[in-house]
There are 2 protein chains.
Amino acid sequence: MASKSFNPVTLIRKKRDGQSLAREEIAFLIEEYTKDALPDYQMSAFLMAAFLNQLDEREASALTEAMLHSGKVLDLSDIPGKKVDKHSTGGVGDKLSLILAPIVASYDVSVPMISGRGLGHTGGTLDKLESIPGFKVDVDLERYRQILSRAKMVMAGQTEDVAPADKRLYALRDVTATVESIPLIASSIMSKKLAEGIDALVLDVKFGSGAFMKTRKDAQKLAETLVAIGEDFGKQTVAYLTNMNQPLGYKIGNWLEVEESMEALQGQGPEDVMEVTHTLAGTMIWLGGRAESVEDGIKKSKQAVKNGQAFDKWLELTEEQGGDTSVLKDFSKYSKAEYSFEFTISVEGYITEMDAYSIGMASLELGAGRKTKEDEVDPAAGIELKAKIGSSVKKNETLAVGFTNNKKAIDEAKKILANAFTVEDTNVNKQPMVTHRVDKHGIHEI
Amino acid sequence: MASKSFNPVTLIRKKRDGQSLAREEIAFLIEEYTKDALPDYQMSAFLMAAFLNQLDEREASALTEAMLHSGKVLDLSDIPGKKVDKHSTGGVGDKLSLILAPIVASYDVSVPMISGRGLGHTGGTLDKLESIPGFKVDVDLERYRQILSRAKMVMAGQTEDVAPADKRLYALRDVTATVESIPLIASSIMSKKLAEGIDALVLDVKFGSGAFMKTRKDAQKLAETLVAIGEDFGKQTVAYLTNMNQPLGYKIGNWLEVEESMEALQGQGPEDVMEVTHTLAGTMIWLGGRAESVEDGIKKSKQAVKNGQAFDKWLELTEEQGGDTSVLKDFSKYSKAEYSFEFTISVEGYITEMDAYSIGMASLELGAGRKTKEDEVDPAAGIELKAKIGSSVKKNETLAVGFTNNKKAIDEAKKILANAFTVEDTNVNKQPMVTHRVDKHGIHEI
């Protein structure tokens, strides 16, 4: 890393005036910031200048590198075979990690997955895992390696020493209105993923009402930046643009999503969930060198569900991480939420639109998510949809069932749900779930 | 003032996205910042957003108001007559305050002048005043009013309690590359000037190599913003765009500029100095209600020099503020700098260009200015020019004489001066000093 010294004001001015910063200049800013030699107020001025004047792909790559090297970078080279991970930009009902990781690992491609907790309208993988009684996501590095070697997969939380500069920078962006910048988002994602010691990465970049990227155009830009950074670090990186105009699957909420994932691993997954899962898992199997093509990988992914090897892999992992597998095989053993309610509407027709964001917020209201970092989640809370876009619904038919341990939240959740469904006389055409693939060769329609 | 509460992140985002902030939103930011409830890192993100997306005139006016009300606002209404001040954006050799204030005050128009110290290549009025033995610029409010009542003018330093928000904001802008923003500069100037309790204001907005505004276009934009803010506060405000392509007059340095000012007050001022002085002073006399028009004011300004009333007024003020008037009448009584040197060049022809910035920096090097706020100035240090643009010079003729008490600085000063003069075979046309007037009716060529 560069240890050349610069005048921070000169660097801020350069970005302010629309110039590009050199790799060593960005390294200087991040190094100084990490060791508290650069104050927050200079970093936030730089971030706003970077937000408004953009960082180019070279700068985003330099920022990724600087944040990556601000902490520990895992070296998994002593674990045989390719290490392939997947990252999703997050969406409502997105439980894909729990389904695709065991599919991929069941082909002996290692999946060293480090995940986060949910905040706001989207859930976090860690919260879902922890809804399984006994499942431990806080494992030390030695145990992490051990699980990965034995099960070919591991699902853990980020430790303090992975990309600490990213953590500080993200917190600062959050309070200075500099979050929604594609190069800053991409650098943040990639610095954490590259710190995992992976060989290749598949990205699920979602767009639509329930996603952080509201438009396909923004999702494409983010995907292109992520792929450019990944390839710049010599890691094969493939991104898919996927539709998040409605929640993924039918179940939203931590334990509810575990349930739906287990159903999916046993061949009972909803169509939309399986379409995205097989595309991502198939690509990971291919990147891991266990399929001749993505198409072959997708075929293998479907086989792993059909023949039960993926579900077996999940049970193996759950045992490795201390989880209770009996509830996974028999949901009735799980302690349900105390209250449930049915959400109905008084019109009939076809559901033509669903506001995934609102459904995510209603689920959060019931206890499935966090409004602030300090909130605790209710593992059993959430929403089970009974209809999706394209479904025909009758008057007073139940569209969703809500679950919660907080009775007082029900009215507010219903109020939010009341605006989440659009019902019309004429049905709409089904939208494809995976619309585009972005890799080093460019963007391809699917 | 507004005490409505807002989410700071929402306000930063609004400016980031190019929207205008309401008066009460800007008031909220400044109030919170002043009472340490809004951290530096949020203010600097806001400042960078304001720098890049601009503040409109309404926002600049709101910012001025908020900073003005962050501290004490003088009420001079019990002092009879109009109170008129002048502000200059600063230039090399700009000693005009010392000449025009006594001219204006000699017509019983009150001039309550609060000035600053110099930093960088331009000098500060306070440093010039303090080069007069005994002259006190730190006077308390009671004494300030007393001097103003008796002498019709007072020249003092800014106290801590005038626009404290501006002081903090300026310090933050300095370290976050957000200084050179016209609306931010204008708000900073006007918040301090309006806090003086004035009725009208004349602004000298300089452009050229020695000025902060390098181009006439930027100077015009700044002048227009300053006038718009002043008029928004119900104060008659007139700005002039003046040329700073070479130093004003021949003498640069604190005591040297006092000398030239005294010469000017006694009818021996350089042509360029007098042209700007009479324009500004004439306008102030008119704004103060002691002339029928600006032209009449200019006539009166010239008279005040000719008949000695302006010089007498200066001597009166100097005595009020504790200064030694004997040195003003006889420069030989002043203790000169220990070292002096002549600067010559080895070509001949006409001086067609002069780099006022470099001459200012050479003077600073000799001790006349400050590189950092903590530096002390040498009152006797500086440069006396022997030629200006349009002068014909012979080989090895002296272009300037330098004065200093720091022998070691001479070589560096000479090095800087070596690039400050352009000598060519063909002479250039003389440029007018005052090019435009900006007032509430618009911009007018002069």
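Quick caveat, the model's predicted, so the values are computed rather than measured. (Residues numbered from 1 in each chain as written. Chains lettered and ligands numbered in written order. Predicted model: local features only at pLDDT ≥ 70, side-chain atom pairs only at ≥ 80, totals over all residues. Heavy atoms only, no water.)

A. Local environment of the sheet that holds strand β11 (residues 398-404) of chain A. All names here are of chain A. Read across the sheet, four strands follow the order β6-β9-β11-β7 without closing on themselves; strand pairing throughout is antiparallel. The strands lining the two open edges of the sheet, one partner per strand, are β6 (251-252) and β7 (339-344). For β7 and β11, the ladder comprises six bridges, and the chain directions are antiparallel. What sits directly across from Tyr339, in β11, is Thr404. Packed onto the sheet, helix α16 (residues 356-368) meets β6, β7, β9 (382-385) and β11 and runs at close to 135° relative to β9. Strand contacts of helix α17 (residues 410-417): β7, β9 and β11, with the helix running at about 25° to β7, the strand carrying the most contacts. (Pairing = 2+ DSSP bridges. Helix = DSSP H or I, 4+ residues; strand = E, 2+ residues; numbered from the N terminus. Contact = heavy atoms within 4.5 Å. Axes fitted to C-alpha atoms, helices over the stretch in contact; angles between N-to-C directions.)

B. How the structure looks around helix α8 (residues 164-174) of chain A. Those residues of α8(A) that sit buried are Ala165(A), Asp166(A), Leu169(A), Leu172(A) and Arg173(A). The buried side chains of α8(A) occupy one side of the element, clustering within an arc of 130° when seen end-on. Buried residues in α8(A) make contact with α2 (23-34), α3 (40-53), α4 (57-68) and α9 (182-194) of chain A together with α3 (40-53) of chain B. (Buried < 20%, exposed > 50% of the residue type's maximum accessible area, 1.4 Å probe, protein only. Arc of directions from axis to C-beta.)

C. Molecular detail of the relation of the copies chain B and chain A. The transform that puts chain B on chain A rotates by 180° and translates by 0.0 Å along the axis, for an RMSD of 0.0 Å. Interpreted geometrically, this transformation is the action of a two-fold axis. Identified as the residue of chain B closest to the rotation axis by C-alpha distance is Tyr41(B), at 1.8 Å. Comparing contact sets, 100% of the residues at the interface of chain B also lie at the interface in chain A, consistent with an isologous, same-surface contact. (Least-squares fit on C-alpha atoms with pLDDT ≥ 70 in both.)

D. The domain arrangement of chain A, seen in detail. Residues and elements named next belong to chain A. Structurally, chain A comprises domain 1 (8-68), domain 2 (84-329 + 441-445) and domain 3 (333-424). Counting residues at the interface gives 21 residues for domain 1 and 27 residues for domain 2. Approximately 2,200 Å² of surface area, both sides summed, lies buried where domain 1 meets domain 2, with 72% of it carried by carbon and sulfur atoms. Applying the counting criterion to the domain 1 and domain 2 interface returns three salt bridges. Arg23 is the partner of Asp232 in a salt bridge, and the nearest nitrogen-oxygen pair spans 3.4 Å. (Domains from an automatic or database assignment. Buried area = accessible area lost by both parts, 1.4 Å probe. Salt bridge = Lys/Arg side-chain N within 4 Å of Asp/Glu carboxyl O.)

E. Layout of the interface of chain B and chain A. Of the residues lining the interface, 21 residues belong to chain B; the matching set on chain A comes to 21 residues. On the chain B side of the interface with chain A, the three residues burying the most area are Arg16(B), Tyr41(B) and Leu52(B), jointly 34% of the side's total. Remark: the boundary between chain B and chain A carries four salt bridges. We note a salt bridge from Arg16(A) to Glu180(B), for which the minimum N-O separation is 2.8 Å. For the interface between chain B and chain A, the tally reads nine residue pairs in polar contact (both at pLDDT 80 or more). Looking at the side of chain B that touches chain A, the elements that each hand over two or more residues are α1 (8-16), α3 and α8 (164-174) of chain B. Here the side of chain B that touches chain A gets ten residues from one element, more than from any other, and that element is α3(B). The residue makeup of the side of chain B that touches chain A, split by class, is eleven nonpolar, five polar and five charged. (Polar contact = N/O pair within 3.5 Å; in protein donor to acceptor, adjacent residues only side chain to side chain. Nonpolar A, V, L, I, M, F, W, Y, C, P; charged D, E, K, R; others polar.)

F. The arrangement of the confidence of the model for chain A in detail. Looking at chain A as a whole, its pLDDT mean stands at 94, while 99% of the residues score no less than 70. Across the assembled chains, the prediction reports ipTM 0.86 with pTM 0.88. (pLDDT = per-residue confidence, 0-100.)

G. A look at the pattern of salt bridges. Residue and element names in this part refer to chain A. Counted by the stated rule, this structure contains 61 salt bridges over all chains. For the salt bridge of Glu257 with Lys128, the shortest nitrogen-to-oxygen distance reads 3.0 Å. Placement of the pair is Glu257 in helix α11 (residues 254-265) and Lys128 in helix α6 (residues 125-130), with a sequence separation of 129 residues. Look at Glu257 and you get buried, because its relative accessible area is 3%.

H. Representation of unusual backbone geometry within the structure. Residues and elements named next belong to chain B. Residues other than glycine seldom take positive phi values, yet Asp108 does so here, at roughly 65°. If you trace the backbone, Asp108 turns up in the loop between α5 (96-105) and β2 (111-115). Residue class for Asp108 comes out partly exposed when judged on its relative accessible area of 39%. Of note in this structure, Asn396 is not a glycine but carries a positive phi near 65°. With respect to the helices and strands, the residue Asn396 is situated in the loop between β10 (392-393) and β11 (398-404).

I. A look at the packing of helix α2 (residues 23-34) of chain B against helix α4 (residues 57-68) of chain B. Residue and element names in this part refer to chain B. In contact at an axis separation of 9 Å, α2 and α4 are set at 40° when each is read in the N-to-C sense. In terms of orientation, α2 lies oblique with respect to α4. At the point where α2 passes α4, the crossing takes the right-handed sense. On α4, the residues touching Arg23, Ile26, Ala27 and Ile30 of α2 are Arg58, Glu59, Ser61, Ala62, Leu63, Glu65, Ala66 and Met67. (Parallel < 35°, antiparallel > 145°, perpendicular 65-115°, else oblique. Left-handed = near helix turned anticlockwise from the far one by under 90°.)

J. Molecular detail of the packing of α3(A) against α3(B). Across the interface, α3(A) lies against α3(B) with an axial gap of 8 Å and an inter-helix angle of 35°. Judged by the twist between their axes, the crossing of α3(A) over α3(B) is right-handed. Here Asp40(A), Tyr41(A), Ser44(A), Ala45(A), Met48(A), Ala49(A), Leu52(A) and Asn53(A) of α3(A) lie close against α3(B), whose contacting residues are Asp40(B), Tyr41(B), Ser44(B), Ala45(B), Met48(B), Ala49(B), Leu52(B) and Asn53(B). Looking at the contact of α3(A) with α3(B) residue by residue, the classes come out as ten nonpolar, four polar and two charged.

K. View of the pairing of β9(A). All names here are of chain A. With burial as the criterion, each face of β9 is covered, one bearing Gly382 and Glu384 and the other bearing Ile383 and Leu385. With two bridges joining them, β6 and β9 adopt antiparallel strand pairing. In the sheet register, Ile252 faces β9, and the bridge partner there is Ile383.

L. Region of interest: α2(B). Residues and elements named next belong to chain B. Look at α2: 16 Å from first C-alpha to last across twelve residues, which is about the 16 Å you get at 1.5 Å a residue. In this structure, the buried residues of α2 make contact with α1, α3, α4 and α8. Positive backbone phi, at 65°, marks Asp36, one or two positions downstream of α2. (Expected span 1.5 Å × (residues − 1).)

M. Focus on the side chain of Glu25(B). Residue and element names in this part refer to chain B. Structurally, Glu25 can be placed in helix α2. Residue Glu25 is classed as buried on the basis of its relative accessible area, which comes to 9%. A distance of 2.8 Å separates a polar side-chain atom of Glu25 from the backbone nitrogen of Ala22. Those residues within four positions of Glu25 in sequence are excluded, and the remaining contacts are Phe6, Leu11, Lys14 and Ser20.

N. Quick peek at the pairing of strand β8 (residues 349-354) of chain A. Residues and elements named next belong to chain A. Of the strand pairs in this sheet, β8 and strand β10 (residues 392-393) are connected by two bridges, and their pairing is antiparallel. What sits directly across from Gly349, in β10, is Val393. With four bridges connecting them, β8 and strand β12 (residues 421-424) associate as antiparallel partners. When the sheet's bridge partners are listed, Tyr350 is paired in β12 with Glu424.

O. A look at the sheet that holds strand β4 (residues 200-207) of chain B. All names here are of chain B. Spatially, five strands are ordered β1-β4-β5-β13-β14 in an open sheet, and the strand pairing comes out mixed. Looking at the sheet topology across the chains shown, the edges are occupied by β1 (84-88) and β14 (442-445). Ignoring strand direction, the axes of neighbouring strands in this sheet form an average angle of 20°. Two elements, β1 and β4, share five bridges in a ladder whose sense is parallel. Counterpart to Val84 in the pairing with β4 is Ala200. Contacting β4, β5 (236-243), β13 (434-439) and β14, helix α10 (residues 216-232) runs over the sheet at an angle of about 165° to β5.

P. Main features of the packing of aromatic side chains. All names here are of chain A. Summed over all chains, the structure comprises ten aromatic pairs over all chains. A ring pair is formed by Phe343 and Phe421, whose centres lie 5.7 Å apart and whose planes are at 25°; its orientation type is stacked. Here the residue Phe343 occupies a position in strand β7, and Phe421 occupies one in strand β12, the gap between them amounting to 78 residues. Positioned over the ring face of Tyr33 is Arg168, at 4.1 Å from the centre of the ring. (Phe/Tyr/Trp six-rings, centres within 6.5 Å; stacked < 30°, edge-to-face > 60°. Lys NZ or Arg CZ within 6 Å of the ring centre and 35° of its normal.)

Q. Focus on the environment of Gly323(A). Residues and elements named next belong to chain A. Positionally, Gly323 belongs in the loop between α14 (309-320) and α15 (326-329). For the pair Gly323 and Ser131, spaced 192 residues apart in sequence, the C-alpha separation works out to 9.5 Å. Excluding residues within four positions of it along the chain, Gly323 makes contact with Ile132, Pro133, Gly134, Phe135 and Thr318.

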